[in-house]
Structures are given as structure tokens and as C-alpha cells.
Amino acid sequence: MGKTILIERDNGENITADLHQPDSGDRKGDAPLVIMACGFPKHQIKGPSLYNLMTDIIKNLGFTSLKFNYTGSASLQGSDTKFTLENAAHDLEAIFEWAEKNGYKKIAFIAEGLGASIIHMNLPENAVFSILCWPAFDLPYIRDTQFEAAKHQTELDKDGFYTSNDVLIGADLLEELQNTDLIPYLQEAHIPTLILHGAKDDIIPPTHLAVARKSLMAPRLVITSFDDGEHGLPHETHIKTSIHHITEFVEKYWNFAPDE
């Protein structure tokens, strides 16, 4: 079990996070803090899916991970703080400051879904690698297809938000998804990146990988796509193969120097 901590933002709000640390004898020296950036809505698959197992995988490799919840991501009231890309950026800024104060000189990322776009829009210079699980890189697709914005236009016009599966979707987030140009951020990527995806993912389809192949200018880019893989890669064979790829990737790049 991890240790629950609170990280205070500059506006006084608290970010809830779980800190998972390996035993002292298993920790790698000068290792990066691995920040886990979930998607929005948050990963919903229960049981032994790949993303749910990531904290244990990283811990077994000798690294500390921090798994956090975006402020506003669990809001059910229109008057509460809503989840936006801008608000998520402030969350990451506070987490980076916490990491520095606690002696972590380097940062690494594990992200799923929309979290992959969020970290690339806020990628710090001291980042050393990222592992992206079914990344959502086509932001208008998320707005129009996953969030079905047009279907809820009446509610948006009236209230400025609507709820879907108990998650509040605000008009400001939909506007960000429609108008944010992600490509310049992907072109400035400076860290080795491993992408894991399923070809039969019906929530974030593999068309998002086309964006990565064309525009993600990582110094090392490894894409593993499973022909029969579903969203979340829940099948045991995919998990085992992914763990093997993750282990090789992390051991190769955890001490990566961007200036190389």
C-alpha cells in the first residue's frame, strides 16, 4: 500500500496523491520520481489491468511513484472547480515543486489517455523518460466522440456543463480540446518514450498513434501495439508482454541525459 499525501497548490487547494516507495535496500540511487498522470475521466477498468499494476511494476524496479488525482476531476456540481487542461497544468506545477523540495532531481512519467497530452503540454526540463498507455493525442476526437459534446449542447448552453457517468464535463474543457494545438508540444518532446496500445481499443482508437508517429519528436520512440488488444490492455498475455517491454525500457533510460 502507498502512503497518502497532500500537495498544496498556490491557491490553497490540495492535490491528493499516493506515494509508493520501494524498500530502502531496493531503491536505485539518484532515481527519478515517476509521476503517474491518469486520463480524464480517470481510468475505470477494475482488476489487473496494466495501468492499475503500474505502481507495483515501478516499485519492483526500484523506483518511487506518485499517483495523483487532478483537482476538480471528481466534481459533480457546476459551482465546484472543474477539470480543465489549464487546471491540470497548475496541479503538475505544484507536484514538480513538491518533488524538488523532497530531493528528486529528475522526473519520469507514466500517463494514460488524456494524461499523455497533459504531460507533454507541461514537460519539465528534468524529465528523463515517459511510458504512455493508450495516449489520447487527437484532442478534437476526445471532445466530439468520447465526450459527445454536440449531444449535450443544450445543457452546455444552459448550464455551462453536463455530467456523463458521474463526471462533470465543462464548456471550458471542451473549448480547450477544440482549440489547443498539441503538435508544437509533441515536436518539442526531449525524452525517450514507450507507447503501449491495443489495436481494438474502441475508446481511444489507434488513430491516435498516427499523431504520435508523425509528430512526437522523442529522441527514442518505441511503440508496442497489440493486434487483439482492447482498451486498458486487460488480458494477461498483454500485461506480461508489456511488463517485459517496460522493464527493458526503464532499465535502459532511467538515467537518460537529455543533452546527450
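Up top is the structure these notes are about.
Here the residue index of a chain counts from 1 through its sequence in written order. Selection of residues for local features in this predicted model requires a pLDDT of at least 70, selection of side-chain atom pairs for listing and counting requires 80 or more, and totals for whole chains, interfaces and linings are taken over all residues. Think of the side-chain values as coming from all heavy atoms in the structure, minus any hydrogens and water.

Engineer: Got a sec to walk through the packing of helix α4 (residues 139–146) against helix α6 (residues 171–179)? Specific residues and values, please.
Structural biologist: Between α4 and α6, whose axes approach to 6 Å, the crossing angle comes to 135 degrees. Taken together, the axes of α4 and α6 are oblique relative to one another. Between α4 and α6 lies a crossing whose hand is left-handed. Where α4 approaches α6, its residues Leu139, Pro140, Ile142, Arg143 and Asp144 are matched on the opposing element by Leu174, Leu177 and Gln178. Here the nonpolar group is Ala, Val, Leu, Ile, Met, Phe, Trp, Tyr, Cys and Pro; Asp, Glu, Lys and Arg are the charged ones; every other residue, Gly included, is treated as polar. Taken together, the residues that form the contact of α4 with α6 break down as five nonpolar, one polar and two charged. An axis is simply a line fitted to the C-alpha atoms; with a helix, the fit covers only the stretch in contact. Between two such axes, the angle follows the N-to-C directions and lies from 0 to 180 degrees. Runs of E in the DSSP output that reach at least two residues are strands. Runs of H or I that reach at least four are helices, and both are numbered from the N terminus. Any angle between 65 and 115 degrees counts as roughly perpendicular, while under 35 counts as roughly parallel, over 145 as roughly antiparallel, and the rest as oblique. Crossing handedness: left-handed means the near helix sits turned counterclockwise from the far one by under a right angle, and right-handed means the same turn made clockwise. Residue contacts are defined here by distance: any two heavy atoms, one from each residue, within 4.5 Å place the two residues in contact.

Engineer: Tell me about the pattern of salt bridges, and name the residues and values.
Structural biologist: Each reported salt bridge corresponds to a side-chain nitrogen of Lys or Arg within 4 Å of a carboxyl oxygen of Asp or Glu. Evaluation of the coordinates by the stated rule reveals six salt bridges. Across the salt bridge formed by Glu148 and Lys151, the nearest N and O atoms sit 3.8 Å from each other. In this scheme, a residue with accessible area under 20% of its type's maximum is buried, one over 50% is exposed, and one in between is partly exposed, where area comes from a 1.4 Å probe on protein chains only. Residue Glu148 is classed as partly exposed on the basis of its relative accessible area of 37%. Looking at Lys151, the relative accessible area reads 62%, which means it is exposed. Taken together, the salt bridges that share partners define one network made up of Arg9, Glu13 and Asp91.

Engineer: Tell me what's going on with helix α8 (residues 207–215), and back it up with residues and numbers.
Structural biologist: Given 3.6 residues per turn, any residue in an α-helix points the same way as the ones three and four places further on. All buried positions along α8 are accounted for by His208, Leu209, Val211, Ala212 and Ser215. Buried residues of α8 fall within an arc of 150 degrees about the axis and therefore sit on the same side. Exposed residues lying more than 90 degrees from the buried face of α8 are Thr207, Arg213 and Lys214. Of the surrounding elements, those touching the buried residues of α8 are α4, α7 (183–187), β9 (193–198) and β10 (221–226). By construction, the arc corresponds to the directions joining the helix axis to the C-beta atoms.

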